[in-house]
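What the coordinates show
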Amino acid sequence: MATLSDRLNINSQIEHLQAKHVGTGHADLTKFEWALNIHRDSYASYVGHHNMVSYFGVVENESIGRVKYEFLQRMLLPCGLPPKAQDQSEDEEEK
């Protein structure tokens, strides 16, 4: 059974991890933000591993440079535009 000091230590470690690394998640993370992090991490991994870029280039019949360029462009908005927040939509309906 964990003591109170153990719980506080674990919570402070989690907060430190979340502050240090973008995309590690937190309690208020939306589904869109989570999907955005996953897609960006995937594209970054593909671009960073030459064998994966070569594979995608062969599959898509494109050059390696073109595939890297396309992946970097997709990292900007991998899931499309973010959905409107509910607070903003309620304010617009009142006007």
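Fair warning: this is a prediction, and the values are worked out from it, not measured in the lab. (Residues numbered from 1 in each chain as written. Predicted model: local features only at pLDDT ≥ 70, side-chain atom pairs only at ≥ 80, totals over all residues. Heavy atoms only, no water.)

**Quick look at the overall build of the chain**
Of the regular secondary structure elements, the chain holds five helices and zero strands. When the helices and strands of the chain are listed from N to C terminus, the series reads α-α-α-α-α. Long-range pairs, those at least 24 residues apart, make up 50% of the contacts in the chain with a sequence separation of at least 6. Split by element, the accessible area of the chain, about 8000 Å² in all, is 55% carbon and sulfur. (Helix = DSSP H or I, 4+ residues; strand = E, 2+ residues; numbered from the N terminus. Contact = heavy atoms within 4.5 Å. Areas by Shrake-Rupley, 256 points an atom, 1.4 Å probe, with all protein chains shown as cover.)

**As for the packing of helix α2 (residues 31-48) against helix α4 (residues 64-74)**
Where α2 contacts α4, the two axes come as close as 9 Å, and the packing angle between them is 160°. Taken as axis vectors, α2 and α4 run roughly antiparallel relative to one another. Classified by chirality, the crossing of α4 by α2 is left-handed. Residue-level inspection shows Tyr-43, Tyr-46 and Val-47 of α2 in contact with α4, the latter providing Lys-68, Phe-71, Leu-72 and Arg-74. (Axes fitted to C-alpha atoms, helices over the stretch in contact; angles between N-to-C directions. Parallel < 35°, antiparallel > 145°, perpendicular 65-115°, else oblique. Left-handed = near helix turned anticlockwise from the far one by under 90°.)

**Details of the packing of helix α3 (residues 50-60) against α4**
Running from N to C, α3 and α4 cross one another at 105°; their axes reach a closest spacing of 9 Å. The angle between α3 and α4 places the two elements in the roughly perpendicular class. From α3, His-50, Val-53, Ser-54, Phe-56, Gly-57 and Glu-60 reach across to α4, where they touch Ile-64, Val-67, Lys-68 and Phe-71. Each residue belonging to the contact of α3 with α4 can be placed in one class, and the counts come to five nonpolar, three polar and two charged. (Nonpolar A, V, L, I, M, F, W, Y, C, P; charged D, E, K, R; others polar.)

**Some thoughts on a nonpolar patch on the surface**
Nonpolar side chains collect at one region of the surface, where Leu-76, Leu-77 and Leu-81 lie side by side and expose about 350 Å² of accessible area between them. Inspection of the secondary structure puts Leu-76 in the loop between α4 and α5 (86-94). (Patch = residues over 30% accessible without salt bridge, like charges linked within 9 Å, V, L, I, M, F, W, Y side chains within 5 Å. Salt bridge = Lys/Arg side-chain N within 4 Å of Asp/Glu carboxyl O.)

**Thoughts on the confidence of the model for the chain**
Taken over all residues, the pLDDT of the chain has a mean of 83, while the share at 70 or more is 85%. α5 is the least confidently modelled element of the chain, averaging 60 in pLDDT, while α3 averages 96, the highest of any element. (pLDDT = per-residue confidence, 0-100.)

**What about the packing of aromatic side chains?**
When we look at a pair of aromatic rings, we describe it by the centre distance and by the angle of the planes. This structure, assessed with the given rule, holds six aromatic pairs. When the centroid spacing of 6.2 Å and the interplanar angle of 80° are considered together, the rings of Tyr-43 and Tyr-46 count as edge-to-face. Taken together, the residues span about one helical turn, with Tyr-43 and Tyr-46 both in helix α2 at a distance of three residues. What makes Tyr-46 partly exposed here is its relative accessible area of 25%. An aromatic cluster of three or more residues is present, and its members are Tyr-43, Tyr-46, Tyr-55, Phe-56 and Phe-71. (Phe/Tyr/Trp six-rings, centres within 6.5 Å; stacked < 30°, edge-to-face > 60°. Buried < 20%, exposed > 50% of the residue type's maximum accessible area, 1.4 Å probe, protein only.)

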